[in-house]
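Descriptive structure summary
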Amino acid sequence: MVTSTATMGRSGLYDWFVQRVSAVILLAYFLVCVGWMLVNNGFGYTAWTALFSQTWMRVFSLLALISLAGHAWVGLWVVFTDYLTERMLGPTGKVLRVLAETISAIIMVIYFIWGIKILWGL
């Protein structure tokens, strides 16, 4: 039987779905930003501020921020569980993986809160 390594009750399908949906959202956000820059060749601070002062862009940016956090978390979790193992690093492997996951989670929460503060001016 295959044992789970700290999946917190998730399945591989859930992680796959989060990766794919978040990637599509991030691609759409990138295309909207690049498209806006191409349409507004002479854009500056005032045009950029006007774009991000619109509610739809703030909501879309928040959705992109959530997608970025989810995409990064799943990706880092996979890397950590693949490379920070007891088989590769000995008994400290599990400790290093949990430490790396904890530090990554703290950094992502800080960036997420910072992004919300920037977007919504809280």
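Residues numbered from 1 in each chain as written. Predicted model: local features only at pLDDT ≥ 70, side-chain atom pairs only at ≥ 80, totals over all residues. Heavy atoms only, no water.

**Re the packing of aromatic side chains**
A full pass over the atoms with the stated rule returns four aromatic pairs. With centroids separated by 5.3 Å and ring planes inclined at 70 degrees, the aromatic side chains of Tyr29 and Phe60 adopt a geometry described as edge-to-face. With a gap of 31 residues between them, Tyr29 in helix α1 (residues 12-39) and Phe60 in helix α3 (residues 55-83) connect regions that are remote in the sequence. For Tyr29, a relative accessible area of 18% corresponds to the buried category. The buried category is assigned to Phe60, whose relative accessible area is 18%. One aromatic cluster is present, formed by Trp36, Trp48 and Phe52 through successive ring pairs. (Phe/Tyr/Trp six-rings, centres within 6.5 Å; stacked < 30°, edge-to-face > 60°. Helix = DSSP H or I, 4+ residues; strand = E, 2+ residues; numbered from the N terminus. Buried < 20%, exposed > 50% of the residue type's maximum accessible area, 1.4 Å probe, protein only.)

**Here we look at the environment of Met88**
Relative to the assigned elements, Met88 resides in helix α4 (residues 86-89). Since its relative accessible area comes to 51%, Met88 is described here as exposed. Setting aside anything within four residues of it in sequence, one finds Met88 in contact with Asp82 and Tyr83. (Contact = heavy atoms within 4.5 Å.)

**Details of the packing of α1 against helix α2 (residues 45-53)**
Running from amino to carboxyl end, α1 crosses α2 at an angle of 140 degrees, the nearest separation of the two axes being 12 Å. Classified by the interaxial angle, the pair formed by α1 and α2 is oblique. Of the two possible hands of crossing, α1 and α2 adopt the one that is right-handed. For the pair α1 and α2, contact is made by Tyr29, Trp36 and Met37 and by Ala47, Trp48, Leu51 and Phe52, respectively. For the contact of α1 with α2, a count of residues per class yields seven nonpolar, no polar and no charged. (Axes fitted to C-alpha atoms, helices over the stretch in contact; angles between N-to-C directions. Parallel < 35°, antiparallel > 145°, perpendicular 65-115°, else oblique. Left-handed = near helix turned anticlockwise from the far one by under 90°. Nonpolar A, V, L, I, M, F, W, Y, C, P; charged D, E, K, R; others polar.)

**Focus on the side chain of Ser104**
Within the secondary structure, Ser104 is located in helix α5 (residues 92-120). In contact with Ser104, other than residues within four places in its own chain, are Trp73, Leu76 and Phe80.

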